[in-house]
Amino acid sequence: MATLWRRRERFLGVLGRLCRTVRALSGKNEYDLLVIGGGSGGLACAKEAAQFGRKVAVLDYVEPSPKGTKWGLGGTCVNVGCIPKKLMHQAALLGSALKDAQHYGWNIAQPVHHTWSVMAQAVQNHVKSLNWGHRVQLQDKKVKYFNMKGSFSDPHTIRGLTKAGKETIVTAENIVIATGGRPKYPMHIAGALEYGITSDDLFWLKESPGKTLVVGASYVSLECAGFLTGIGLDTTVMMRSIPLRGFDQQMASLVTEHMECYGTKFLKRCFPTKVEKLEGNRLQVTWKNTDLGTEETDCFDTVMWAVEPVKDTSAYQEQKRSCYVEM
Ligand SMILES: Cc1cc2nc3c(=O)[nH]c(=O)nc-3n(C[C@H](O)[C@H](O)[C@H](O)COP(=O)(O)OP(=O)(O)OC[C@H]3O[C@@H](n4cnc5c(N)ncnc54)[C@H](O)[C@@H]3O)c2cc1C
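Residues numbered from 1 in each chain as written. Predicted model: local features only at pLDDT ≥ 70, side-chain atom pairs only at ≥ 80, totals over all residues. Heavy atoms only, no water.

- As named in an unreviewed UniProt entry, the protein chain is FAD/NAD(P)-binding domain-containing protein, taken from Amazona collaria.
- The Sequence similarities (unreviewed entry) comment attached to the protein chain in UniProt states, word for word, "Belongs to the class-I pyridine nucleotide-disulfide oxidoreductase family."
- Checking UniProt for the protein chain, the heading Cofactor (unreviewed entry) contains the comment "FAD". (UniProt positions renumbered as here; feature names shortened; annotations may be inferred.)

As structure tokens, then:
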């Protein structure tokens, strides 16, 4: 096995050198611009460059979340960010409008109930239509799309790897890194990775998350907690320090006060220490309350981590490494 792997690496090395030689001899790269990452940034960049008559390619590859959730072209905003979030907020807003409607003379049987699976199916179908739309737009603008994970071989050469492990070498005069970021798991908390999810999973759940603990004080945390409360789920936000760090704190207080009025619970100055699975798949979370100096627990159906996201710089790190080797 090790011999095979060494042979494969040698072969790839030879292939990379061959590409570089061809490029050096011809003085030409295959593309004027190669963009790594097909999210909002990468797609906009690729399409603009193509409008200027440049030969452009985009590489996009979604690493499945630790829970196995994956999605199509368009990046965070389309698949696990702005778009599904806004649709789920709309679901929440419709629910409160339905409750108000009776006071405006509408005859709507109360109480109204929400079915997660119906909403999720509609949101996911819409997102899939956007994935398709992005592929068509690239085709129309003659931008070549590779569904591959890219890494640098040298500053003008990218090794693309498909899910099945097939490799393609692509060369370009200019390379843009637009790899975005992914949510982070607090790996120091026992059970965090094993039992928790992130926003990467929430929008693709087929069944309701039920009673949910959202951990973190980021905008992702508050936004998700907001629509979960709005569709009628028992939702708690746990934060170690202040909400929306870096934002205007007067506005941040208005946001959390408004959310509290609508039923979101807040555990402030608390941080989780472990997550355990109980019988019946419920999750028992233990946390420290730093105000009272106590240890507390409660049970939830879902624990969602929404701590600060991390930039996905693996492609960039490789470039730095290869540049270093080159020099
Ligand atoms: C829940 C949530 C709600 C949000 N709401 C809003 C909002 O309302 N308004 C707003 O403006 N912003 C919002 N954002 C932020 C917004 O989604 C991001 O700022 C935006 O999507 C970033 O775009 P990007 O192109 O930089 O990266 P991304 O959209 O993350 O795209 C990067 C792409 O590159 C791929 N990739 C990574 N590495 C490689 C590699 N080596 N090879 C190939 N492909 C690779 C990734 O899989 C991904 O498809 C929200 C984010 C979240 C999580």
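## What to know about the pairing of strand 12 (residues 270-277)
Step number 1: The pairing of strand 12 with strand 13 (residues 283-289) spans seven bridges and is classified as antiparallel. When the bridges of strand 13 are listed, Lys277 appears paired with Leu283.
Step number 2: What sits between the antiparallel neighbours strand 12 and strand 13 is a turn of five residues, in which Gly280 has the positive phi angle 80°. (Pairing = 2+ DSSP bridges. Helix = DSSP H or I, 4+ residues; strand = E, 2+ residues; numbered from the N terminus.)

## Some points on the site of the ligand
Step number 1: Not every one of the 31 residues close to the ligand is listed here, only the nearest: Gly41, Asp60, Thr76, Lys85 and Lys86.
Step number 2: Backbone polar atom of Gly41 to an oxygen atom of the ligand: 2.8 Å apart, as the coordinates give it.
Step number 3: Within the side chain of Thr76, an N or O atom sits 2.6 Å from an oxygen atom of the ligand.
Step number 4: With four residues, the top contributor of residues to the shell around the ligand is helix 3 (residues 75-80).
Step number 5: Broken down by class, the residue content of the shell around the ligand amounts to 13 nonpolar, 13 polar and five charged. (Near = heavy atom within 4 Å. Polar contact = N/O pair within 3.5 Å; in protein donor to acceptor, adjacent residues only side chain to side chain. Nonpolar A, V, L, I, M, F, W, Y, C, P; charged D, E, K, R; others polar.)

## A look at the packing of helix 8 (residues 219-230) against helix 9 (residues 249-261)
For any two helices packed against each other, the geometry comes down to the angle between their axes and how far apart the axes lie.
Step number 1: Where helix 8 meets helix 9, the closest approach of the two axes is 10 Å, and the angle between their N-to-C directions is 20°. Looking at the two axes, helix 8 sits roughly parallel to helix 9. Judged by the twist between their axes, the crossing of helix 8 over helix 9 is left-handed. Contacts between helix 8 and helix 9 pair Leu222, Ala225 and Gly226 from the former with Val255, Thr256 and Met259 from the latter.
Step number 2: Class assignment of the residues belonging to the contact of helix 8 with helix 9 gives a composition of four nonpolar, two polar and no charged. (Axes fitted to C-alpha atoms, helices over the stretch in contact; angles between N-to-C directions. Parallel < 35°, antiparallel > 145°, perpendicular 65-115°, else oblique. Left-handed = near helix turned anticlockwise from the far one by under 90°. Contact = heavy atoms within 4.5 Å.)

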